[in-house]
Amino acid sequence: MKAQEFKNFEEFKTMLGKDLPKGEWYTINQEMINDFANATLDKQWIHVDEERAKKESPFKSTVAHGFMSVAMISRMLEEAFTIKSVKMGLNYGLNKVRFPNPVPVNSELRMLSSVKEIETLANNGIKVAFNCTIEIKGQEKPACVAEFLAALFE
């Protein structure tokens, strides 16, 4: 997938209420889950103990942390679009986040997103609210649904 390119904020504002390009599929392997567990200190057995998960988990495998999918939103948005005039971007926060479906190890995820709102900020900036849905390949319910906020500056 090629990122959709915009020259500047004025051009990007035409995306208000529209979908961004669909993301690429990412395989969530055990190494990624372990790395996230180490980074966040959330080493609950359902994430990192493969043998126990096979025996005791209702999913019969380890599952990724819900917050791992949220943490991937920034990267997935970077792959969906670029604004050439942007000098800096910041995560601004989240308004809503839900994890409707667990992500078993080796699942494939991709993001569907749209531009919900755009507000002007001081210092040549905009705050963008994105509707984000992270799909699991072959599953009806998504891994994550979130309203993600980013501050971008020219």
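My aim in this report is to walk through the structure given alongside it, one point at a time.

### What about the nonpolar core?
Then step 1. Within the largest apolar cluster, 35 residues are counted, with the highest numbers of intra-cluster contacts made by F12, F81 and F130.
Then step 2. Looking at this core, the elements that each hand over two or more residues are α1 (9–12), α2 (30–40), α5 (66–71), α6 (73–80), β3 (81–83), β5 (107–121), β6 (125–136) and β7 (144–153).
Then step 3. The element that contributes the greatest number of residues to this core is β6, accounting for six residues.
Then step 4. Not counting the four nearest positions on each side in its chain, F81 is found in contact with A3, Q4, F6, F12, L20 and F130.

### As for the pairing of β5
Then step 1. With three bridges connecting them, strand β2 (residues 26–28) and β5 associate as antiparallel partners. Within β5, the position partnered with Y26 by the bridge is L109.
Then step 2. Bridging between β5 and β6 involves 12 bridges; their strand directions are antiparallel. Directly across from L112, in β6, lies its bridge partner T133.
Then step 3. Between β5 and the antiparallel strand that follows it, β6, lie three residues; N123 among them carries a positive phi value of about 65°.

### Comments concerning the environment of I126
Then step 1. Within the secondary structure, I126 is located in strand β6.
Then step 2. Classification of I126 as buried rests on a relative accessible area of 2%.
Then step 3. A sequence separation of 62 residues divides I126 from A64, and the C-alpha atoms of the two residues are 32 Å apart.
Then step 4. Sequence-distant contacts of I126, that is, excluding residues within four places in its chain, are made with F9, F12, K13, I118, E119, L121, A150, A151 and L152.

### What about unusual backbone geometry?
Then step 1. Positive phi, close to 70°, is recorded for N106, a residue that is not glycine.
Then step 2. Within the secondary structure, N106 is located in the loop between β4 (88–98) and β5.
Then step 3. With a phi close to 65°, N123 is a non-glycine residue in the positive phi region.
Then step 4. Within the secondary structure layout, N123 lies in the loop between β5 and β6.

### What to know about the pattern of salt bridges
Pairing between side chains of opposite charge can happen when their charged atoms approach one another.
Then step 1. Using the criterion set out here, one finds 10 salt bridges in the structure.
Then step 2. With a shortest N-O distance of 2.7 Å, E147 and K116 are connected by a salt bridge. Here E147, found in strand β7, pairs with K116, found in strand β5; they are 31 residues apart in sequence, far enough to count as distant.
Then step 3. The class for K116 is partly exposed, based on a relative accessible area of 34%.
Then step 4. Where K127 meets E119, a salt bridge forms, and the shortest distance between an N and an O atom there is 3.6 Å.
Then step 5. Residue class for K127 comes out buried when judged on its relative accessible area of 16%.
Then step 6. Relative accessible area serves as the criterion here: at 38%, E119 is assigned to the partly exposed category.
Then step 7. Residues participating in the shared-partner salt-bridge network are R75, E78 and E79.

Basis of the calculations
Residues numbered from 1 in each chain as written. Predicted model: local features only at pLDDT ≥ 70, side-chain atom pairs only at ≥ 80, totals over all residues. Heavy atoms only, no water. Core = buried A, V, L, I, M, F, W, Y, C linked by side-chain atoms within 4.5 Å. Buried < 20%, exposed > 50% of the residue type's maximum accessible area, 1.4 Å probe, protein only. Helix = DSSP H or I, 4+ residues; strand = E, 2+ residues; numbered from the N terminus. Contact = heavy atoms within 4.5 Å. Pairing = 2+ DSSP bridges. Salt bridge = Lys/Arg side-chain N within 4 Å of Asp/Glu carboxyl O.

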